[in-house]
Amino acid sequence: MSGMDAVRARYEAAGQGHVFAFFDSLDPAAQQRLLAAAAAVEVDRAARIFAKATAPAAASASAAADVAPLPPTAVDSTISADPARVRAWRAEGLRLIAAGKVAVILLAGGQGTRLGSSDPKGCYDIGLPSRKSLFQLQGERILRLQQLAAQHAGGKEVVIPWYVMTSGPTRAATEAFFVRKNFFGLKKENVIFFEQGVLPAFTPEGKIFLETKDTLAVAPDGNGGIYAALRSQGVIADLERRCIPYIHAYCVDNCLVKVADPVFIGYCVEKNADCGAKVVPKRYPEEPVGVICMRNGRHGVVEYSEIDPAMARALTPAGVPVYNAGNIANHFYTLDFLRRVEHFEKDLDYHIARKKIKHVDLATGNLVSPSSPNGIKLELFIFDVMPFAERMAVLEVARADEFSPLKNAPGAKDGDSPETSRADIMAQHVRFVEAAGGKVAPTQGSTAPVFEISPLVSYDGEGLEALQGVVVPTPKLISSAADLHALTH
């Protein structure tokens, strides 16, 4: 059987032979495009996922989930923990980083459309004095952490590999940006790009849409598609080659993220966790954020839309929301756990998104642009693997220090905008100086100091001891050790 015949036979067997309805009328180049697009989709897997996600039992099981808050013993907190414990977690994390045992995975498939940008979201400049993009802030944090771990290891070179997950629309632009910026000082061979997978868009009856006569309608498979992509695109194999057992994963849009956070790594390893998550306290009980809790006796995430308002408002005797572990898509994994995902993948529950799908009418061959949702896209979320963890660790951290997502366009009244991202970073850097015993002078004509410390100078406030007793004038950008020296001499 030829390659073409084999592809068509797979689709026929899966009940999707209609995607070749116009094949014989296409020119040879268009036929090859359709065959290549069809061959890139695991049609049997896609059909199984659709059938499981849309089965009546799936909906009823989700609705009937037994939801309970996390037991107090299941969560530790850097906010309330003994500082000596936090220092111990940090020391252990630095030791493991220094030994080359930690890697980072960045979820960076998003486009900057909502921000009014045609570039990938990670390229976005939030307006700091340095004009650094999200990618640059995060890359430089890795570089600084490598230096800190090298000091911990007596000067030995330390590498934290950075695996950057893109999507089809963002891959070329992301790679070009990294090249143009010289990989932010990191070695090229330790920055590895890979691509998020896609799934077909389906009719409500389970038939794959044709976007054009020679193209399938597909969409990214959600940030939970990371697990299949790690396997299919050689990331797990590369982690094995490098003998790296511990991985930190996070989303690009969090400007405050502590990349490869040694405290988080040390905490999860102390707990012997195979999977871990950071959480932040909710701002208020009804805040529209998913929370990590127990679902049917296993760890999981309940979206805010799934929580009864009375449950959301319930308080502990201390006056804290019972459901308070706000999910921020910040995760720890062992390599063994990532390998194991393949074996329970068939049991994962994909989520249905009803969307307007542009497509070709199979009867007429005309393009259709629907005015209301007419089809189904399927997504897996990164947290959907939590129920399968054998030993889950949850660490609460301070929102002001670790979570400021960039979701909305400039000027958005709901926040999570470039303005809030910029303000949160500058406020954190003021706190760094104050913790070192210094003071940042207000910026004339501004309600807050215009002030920034480069990640190359300080990862999380360390190295600023010379600022004790110093008043830092603003606006000020401390971009190097020389800038720091000039303030103190």
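Our structure's up above, just so we're on the same page.
Throughout, residues of each chain are indexed from 1 in the direction in which the sequence is written. This being a predicted model, a pLDDT of at least 70 is required before a residue's local features are given, and a value of 80 or more before pairs of side-chain atoms are given or counted; all residues contribute to the totals for chains, interfaces and linings. For the side-chain quantities, the full set of heavy atoms in the structure was used; hydrogens and water were omitted.

Q: How would you explain the overall build of the protein chain if you had to name every residue and give the values?
A: Secondary structure elements follow DSSP: runs of H or I no shorter than four residues count as helices, runs of E no shorter than two count as strands, and numbering proceeds from the N terminus. Scanning the protein chain from N- to C-terminus turns up 15 helices and 23 strands. The rule is simple: take the accessible area with a 1.4 Å probe, protein chains only, and divide by the maximum for that residue type; under 20% is buried, over 50% is exposed, in between is partly exposed. Going through the 489 residues of the protein chain one by one, you find that 51% of them count as buried. The long-range share in the protein chain, meaning contacts at least 24 apart out of those at least 6 apart in sequence, stands at 74%. Roughly 21700 Å² of accessible area belongs to the protein chain as shown, and the carbon and sulfur atoms make up 53% of that amount. Charge counting follows a simple rule: Lys and Arg are positive, Asp and Glu are negative, and His as well as the terminal groups are ignored. Taken as the charge location is NZ of Lys, CZ of Arg, CG of Asp or CD of Glu. With 52 positive and 54 negative side-chain charges, the protein chain shows a separation of 2 Å between the mean positions of the two kinds. Contact criterion: two residues are considered in contact whenever any of their non-hydrogen atoms come within 4.5 Å of each other. Surface accessibility follows the Shrake-Rupley procedure with a 1.4 Å probe radius. Residue values consider only the protein chains on display as shielding.

Q: Account for the packing of aromatic side chains, naming residues and giving values.
A: To pair, rings of Phe, Tyr and Trp, with the six-membered ring standing in for Trp, must have centres within 6.5 Å; the planes then decide the type, stacked if under 30 degrees apart, edge-to-face if over 60, and tilted in the middle. One pass over the full model with this rule turns up 18 aromatic pairs. With a centroid separation of 5.4 Å and 55° between ring planes, the pair formed by Trp162 and Phe178 is classed as tilted. Here Trp162 is found in strand β4 (residues 162–166), whereas its partner Phe178 is found in helix α7 (residues 171–180), with 16 residues between them in sequence. In terms of burial, Trp162 and Phe178 fall into one category: buried.

Q: Tell me about the state of the cysteines, and name the residues and values.
A: Our working definition of a disulfide is a cysteine sulfur pair at a distance within 2.5 Å. Under the defined criterion, the tally for this structure stands at zero disulfides. You can see Cys123 has no disulfide; the closest cysteine sulfur is in Cys255, sitting 16 Å from it. A disulfide-free cysteine, Cys268 has its sulfur positioned 8.4 Å from the sulfur of Cys275, the nearest such atom.

No statement about biological role is implied by the geometric values presented.
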